[in-house]
Amino acid sequence: MTKEFFIRWLKAAGIRALKTFAQAAVAAVGVGVALNEVDWLNVLSIAAVAAICSMLTSAAGLPEIEEGSDKE
């Protein structure tokens, strides 16, 4: 694995993890009946675990990143 490939992979995996974090946070907030009833620490915890799972899933491979390819 080259340094350039790793940087491209890290960028793509990071974007996916950030999107997953946001989606999980929105879903967790939606569970609260009213905004003042939302447990924000719980929301952040759920979203963080989802982002970590996304990064681990990305370790299996990202279709937009091909090793040996110079395109971004």
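Along every chain, residues carry numbers that run from 1 in the direction the sequence is written. Local features are withheld for residues below a pLDDT of 70 in this predicted model, meaning they are given only at 70 or higher, and side-chain atom pairs are given and counted only at 80 or more; totals for whole chains, interfaces and linings count all residues. Note that water and hydrogens are dropped before the side-chain values are worked out from all heavy atoms of the structure.

Looking now at the overall build of the protein chain. Looking only at helices and strands, the protein chain features two helices and zero strands. A total of 72 residues make up the protein chain; the buried ones form 26% of that total. Any two residues whose heavy atoms approach within 4.5 Å are treated as being in contact. Sequence-distant contacts, at least 24 apart, represent 78% of the contacts inside the protein chain between residues at least 6 apart. Note on areas: these come from Shrake-Rupley sampling with a 1.4 Å probe, and a residue is covered only by the protein chains present in the view. By element, 66% of the accessible surface of the protein chain is carried by carbon and sulfur atoms, the whole surface being about 5,300 Å². Put simply, DSSP H or I for four residues or longer makes a helix, DSSP E for two residues or longer makes a strand, and each gets a number counted from the N terminus. Relative accessibility thresholds used throughout: buried, under 20% of the residue-type maximum; exposed, over 50%; partly exposed, between the two (1.4 Å probe, protein chains only).

Here the focus is a nonpolar patch on the surface. Patch criteria: residues need more than 30% relative accessible area and no salt bridge. Like-charged residues are merged within 9 Å; nonpolar side chains of Val, Leu, Ile, Met, Phe, Trp and Tyr are merged within 5 Å. Whenever Lys or Arg places a side-chain nitrogen within 4 Å of a carboxyl oxygen from Asp or Glu, that contact is recorded as a salt bridge. Taken together, the side chains of Phe-6, Ile-7 and Leu-10 present a nonpolar region at the surface, about 270 Å² in accessible area. With respect to the helices, strands and loops of the structure, Leu-10 is situated in helix H1 (residues 3-31). With a relative accessible area of 40%, Leu-10 lands in the partly exposed category.

Stacked, tilted and edge-to-face are the three classes applied to pairs of Phe, Tyr and Trp rings, where Trp contributes its six-membered ring and a pair requires centres within 6.5 Å; stacked means planes under 30 degrees apart, edge-to-face means over 60, and tilted covers the rest. For the structure on display, the rule yields one aromatic pair. Measuring from centroid to centroid gives 6.2 Å for Phe-6 and Trp-9, while their planes differ by 20 degrees, and the two rings are stacked. Here Phe-6 pairs with Trp-9, and both are found in helix H1, just three residues apart, close to one helical turn. Since its relative accessible area comes to 15%, Trp-9 is described here as buried.

The next thing to look at is the nonpolar core. Side-chain atoms within 4.5 Å link the members of a nonpolar core, which is a set of buried Ala, Val, Leu, Ile, Met, Phe, Trp, Tyr and Cys residues. Core analysis: the largest hydrophobic core is formed by seven residues, namely Ala-24, Ala-25, Ala-28, Val-38, Val-43, Ala-47 and Ala-50. For this core, the secondary structure elements donating two or more residues are H1 and helix H2 (40-58). Setting aside its immediate chain neighbours within four residues, Ala-25 contacts Val-43 and Ala-47. Within the second largest apolar cluster, six residues are counted, among which are Phe-5, Trp-9, Leu-62 and Ile-65.

Right, let's talk about H2 for a bit. One less than the number of residues in a helix, times 1.5 Å, gives the span that helix is expected to have. Its 19 residues give H2 an end-to-end C-alpha distance of 27 Å, which sits within 8% of 27 Å, the value for a rise of 1.5 Å per residue. Of all the positions in H2, only Val-43, Ala-47, Ala-50, Ala-51, Ser-54 and Ser-58 are classed as buried. Relative to the axis of H2, the buried residues are bounded by an arc of 100 degrees and lie together on one face. Pointing more than 90 degrees away from the buried face of H2 are the exposed residues Leu-41, Ile-52 and Leu-56. To be clear, the arc concerns the directions from the helix axis to the C-beta atoms.

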